[in-house]
Amino acid sequence: MEILETLINGLSIGGTYAMIALGYTMVYGIAKMLNFAHGDVIMVGGYTIYVVMAQTGYPLIGLAAAILFCMILGVTVEKLAYKPLRGASPLAVLITAIGVSYLLQSTAQMIFGSSPKMVTLLDLGNVKLGSLKIQWNVIITLIASFVIMLILTLFVKYTRTGRAMVAVSEDKGAAQLMGINSNAIITLTFAIGSALAACAGFFMLMKSPSLSNTMGAMPGIKAFTAAVIGGIGSIPGAMLGGILIGIVEAVSYKITVIAPYTDAIEFLILIIILLVKPSGILGKKRREKV
Amino acid sequence: MALLEVKDLEVNYGVIRALKGINFHVNKGEIVTLIGANGAGKTTTMQSIIGLIPIKSGHVIYNDQDITKTPCHKLVKLGMSQVPEGRRIFQELTVYENLMMGAYSIKKNVTFKDDIEMVYKRFPRLKERKNQIASTLSGGEQQMLAMGRALMSHPDILLLDEPSMGLSPLLVTEIFDIIQEINKEGTTVLLVEQNAKKALSIADRAYVLETGSIVLEGDAKEMMNNDDIKKAYLGE
Ligand SMILES: Nc1ncnc2c1ncn2[C@@H]1O[C@H](COP(=O)(O)OP(=O)(O)OP(=O)(O)O)[C@@H](O)[C@H]1O
Ligand SMILES: [Mg+2]
């Protein structure tokens, strides 16, 4: 039973990582850049939830506000900071993204101070199924994240806009020849990625109610790891990578001897997978354009 | 009447002067070909007309409208469609989805089903393979898909960049027959080719491009009998 509990926990943590990893991978696939500031969008979502919860008391209104605010933030950052650098060297873009990351963290610290804030979203207690005992928030996170992943998959696979996203990620020029406005697709990608980060922020606050201006940093790096493990640029890859990291984390926490080294183990797995398959599990080697 | 007119077009890649101020036009209903050796600037011309490469100076006039600064994605709606060099079909999408992307610019597409049937009729091979992932198509099939995709937007002018590249002689003939067919049905064609013989045989008029300048222009049939052209481009 404990194995099952650990597995469910792992899937739930993994669902959260997958939400974040999707933002990295989609932006990478379509705008061809590593959005280092993506993790901090989670934190902005967290503070939005905190503020709105304090005003209204409804967690779901907080979530809706966070999604909206993060989408606006993501799109604005793309327009102001990244778009002018399209065609610039990847290093310049990466350094800009790091700058955006610090800007977001410092702004949050200026507004909310440096001591952590507490947000209690929903305290629903545990579910008991026979000898199985699992927290409700774990179940909610698991179900919600998997539903979101399903919707996203269907969207990308079966809608005109979703197919256009794949087209832009493959060949921006050819996509433009079709009449696809690649800038609009990039904007949409940032909006979706940021909305998912806001959801991840909500899930994280359900799990542990403490909120700080660096709360997005570590999950951001781990989710990036997950995206790379799955194959950066691949949507199913980010989901798989996120779930994998989540399960490893849950299992590792259970084993007392290795529990303190959980983070290191996760990065070790990244290194091993990259040695065996440099493009990640579901990643494909990019064909060079003629 | 000129449907497409290029005036003093200059394009640079850094310090490389790829186009040194070229002038040419394509009349409504014509097939015009632009021939020239490797690196002459043919692809550069095609891509700068359609807005994929920034223009240094000069103008592109289409249908009496200055489209020099019009972004690429808006030109499809105006009736321009390009089959780019190297085909550049979407490898991860199926044949059907590639054709769907070809019709992307048409919002409420009531004729989509008919259009796709028209493409399948022209290229029956594509119909057999409609659910196949495009990357697994043969080179010839990829060229057919690229052309079919470009036709899905009902273009008034079709810009073709080396449609014969890498195809067997038999298939080249087939593709050129289809280009003529498309033209007869009312689509104006601007054709860039290495295969000058084939291109001149179906074209009304031709321009010869040499290291970024147009050095010769005229009637395609006359050009086929021009001794310089014969020597330089027809291998005779
Ligand atoms: N992205 C680029 N950067 C720098 N130089 C370029 C670039 N693209 C093309 N060139 C140069 O511009 C010139 C014209 O190239 P272009 O591709 O237009 O030739 P082309 O006539 O289409 O040749 P081909 O028949 O081989 O396709 C060449 O000298 C080429 O090296
Ligand atoms: Mg070329």
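Everything numeric here is computed off the predicted structure, so don't read it as measured data.

Examining the overall build of chain B
- Helix and strand content of chain B: ten helices and ten strands.
- Taken over the C-alpha trace, chain B has a radius of gyration of 17 Å; the compact-globule value for 236 residues is 18 Å, and the two agree within 12%.
- Each principal axis of the C-alpha distribution contributes one length, and for chain B these read about 45 × 40 × 35 Å.
- Considering chain B as a whole, with its 236 residues, one finds that 54% of them fall into the buried category.

Quick notes on the overall build of chain A
- Along chain A, the regular secondary structure elements total eleven helices and four strands.
- A compact globule built from 290 residues would reach a C-alpha radius of gyration of about 19 Å, and chain A, at 19 Å, matches this within 12%.
- In terms of its C-alpha atoms, chain A occupies a principal-axis envelope of roughly 60 × 45 × 35 Å.
- Going through the 290 residues of chain A one by one, you find that 52% of them count as buried.

Focus on the coordination of the magnesium ion (ligand 2)
- Here the magnesium ion (ligand 2) is held by T43(B) (OG1) and E85(B) (OE), and the distances to it run 1.9 to 2.1 Å. Of the two residues, T43(B) sits in helix α1 (residues 42-49) while E85(B) sits in the loop between β6 (80-83) and α3 (95-102), which places them 42 residues apart along the sequence.

Looking at the confidence of the model for chain A
- Mean pLDDT over chain A: 93, with 98% of residues reaching 70 or higher.
- Taken element by element, the predicted model of chain A shows its lowest mean pLDDT in strand β2 (residues 126-129) of chain A (83) and its highest in helix α3 (residues 59-82) of chain A (97).

So, the packing of helix α1 (residues 2-31) of chain A against helix α5 (residues 136-158) of chain A
Residues and elements named next belong to chain A.
- Viewed as axis vectors pointing N to C, α1 and α5 meet at an angle of 35°, and their least axial separation amounts to 8 Å. Seen along the crossing, α1 lies across α5 with a hand that is left-handed. Residues I8, N9, L11, S12, G15, T16, A18, M19, L22 and M26 of α1 pack against V138, T141, L142, S145, F146, I148, M149 and L152 of α5.
- Broken down by class, the residue content of the contact of α1 with α5 amounts to twelve nonpolar, six polar and no charged.

Focus on the interface of chain A and chain B
- On the side of chain B, 23 residues touch chain A, which itself brings 21 residues to the contact.
- Between chain A and chain B lies a buried interface of about 2200 Å² when both sides are counted; carbon and sulfur atoms form 62% of it.
- Three residues stand out in chain A for area buried against chain B, namely R160(A), L177(A) and M178(A), and they jointly supply 35% of the buried area on that side.
- Inspection of the chain A/chain B interface yields two salt bridges.
- Put simply, the parts of the chain that give the side of chain A that touches chain B at least two residues each are α6 (160-170) and α7 (172-177) of chain A.
- Sort the elements by how many residues they give to the side of chain A that touches chain B and α6(A) lands first, with six residues.
- Here the side of chain A that touches chain B is composed, by residue class, of nine nonpolar, four polar and eight charged.

Here's the deal with the sheet that holds strand β5 (residues 65-66) of chain B
Residues and elements named next belong to chain B.
- The strand order β2-β1-β4-β5 describes an open sheet built from four strands, whose pairing is antiparallel. For this open sheet the edge positions go to β2 (16-27) and β5, each flanked by a neighbour on one side alone.
- When strand β1 (residues 2-13) meets β2, the two strands line up antiparallel, connected through nine bridges. Directly across from V11, in β2, lies its bridge partner L19.
- The strands that α1 touches are β1, β2 and β4 (57-62); relative to β2, the one it contacts most, it runs at about 65°.

Some details on the site of ligand 1
All names here are of chain B.
- Taken together, the neighbourhood of ligand 1 is formed by 14 residues, with K42, T43, T44, E85 and Q194 sitting nearest.
- Side-chain polar atom of N38 to an oxygen atom of ligand 1: 2.7 Å apart, as the coordinates give it.
- With respect to ligand 1, the side chain of K42 contributes an N or O atom lying 2.7 Å from an oxygen atom.
- Listing elements by their share of the shell around ligand 1, those giving two or more residues are β2 and α1.
- Considering every element that reaches the shell around ligand 1, the biggest residue donor is α1, with three residues.

Rules and cut-offs
Residues numbered from 1 in each chain as written. Chains lettered and ligands numbered in written order. Predicted model: local features only at pLDDT ≥ 70, side-chain atom pairs only at ≥ 80, totals over all residues. Heavy atoms only, no water. Helix = DSSP H or I, 4+ residues; strand = E, 2+ residues; numbered from the N terminus. Rg over C-alpha atoms; globule rule 2.2 N^0.38 Å. Buried < 20%, exposed > 50% of the residue type's maximum accessible area, 1.4 Å probe, protein only. Donors = N, O, S within 2.8 Å, 3.2 Å for Na, K, Ca; no water. pLDDT = per-residue confidence, 0-100. Axes fitted to C-alpha atoms, helices over the stretch in contact; angles between N-to-C directions. Left-handed = near helix turned anticlockwise from the far one by under 90°. Contact = heavy atoms within 4.5 Å. Nonpolar A, V, L, I, M, F, W, Y, C, P; charged D, E, K, R; others polar. Buried area = accessible area lost by both parts, 1.4 Å probe. Salt bridge = Lys/Arg side-chain N within 4 Å of Asp/Glu carboxyl O. Pairing = 2+ DSSP bridges. Near = heavy atom within 4 Å. Polar contact = N/O pair within 3.5 Å; in protein donor to acceptor, adjacent residues only side chain to side chain.

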